[in-house]
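Single-letter residue listing:
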Amino acid sequence: MSETQYWYNTETGQVEEGRHSDWSKVMGPYPTRDAAQHALEQARARSAAWDAQDEADR
């Protein structure tokens, strides 16, 4: 029995249960609907942390 995976569609802003859209339009997979809904926030936070680390390393 496979577990349900969720994907965040960057074009529509909607969460998909299972990947239905083209790979270039989705982020994921995520284990829960809530995690997928917050995909952009997570990506922004990680990017900011990486940028800060890059700046500190200079």
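Residues numbered from 1 in each chain as written. Predicted model: local features only at pLDDT ≥ 70, side-chain atom pairs only at ≥ 80, totals over all residues. Heavy atoms only, no water.

Quick notes on the environment of A49
Working step 1: Assignment of secondary structure puts A49 in helix α2 (residues 39-57).
Working step 2: A relative accessible area of 44% places A49 in the partly exposed class.
Working step 3: Considering only alpha carbons, one finds A49 and V26, 23 residues apart in sequence, at a separation of 22 Å. (Helix = DSSP H or I, 4+ residues; strand = E, 2+ residues; numbered from the N terminus. Buried < 20%, exposed > 50% of the residue type's maximum accessible area, 1.4 Å probe, protein only.)

Focus on the side chain of S21
Working step 1: Secondary-structure assignment places S21 in the loop between β2 (15-17) and β3 (26-30).
Working step 2: There is a polar contact of 2.9 Å between the side chain of S21 and the side chain of N9.
Working step 3: A polar atom in the side chain of S21 sits 2.5 Å from the side chain of E16.
Working step 4: If we skip the residues at most four places from it in the chain, S21 touches N9, E16 and V26. (Polar contact = N/O pair within 3.5 Å; in protein donor to acceptor, adjacent residues only side chain to side chain. Contact = heavy atoms within 4.5 Å.)

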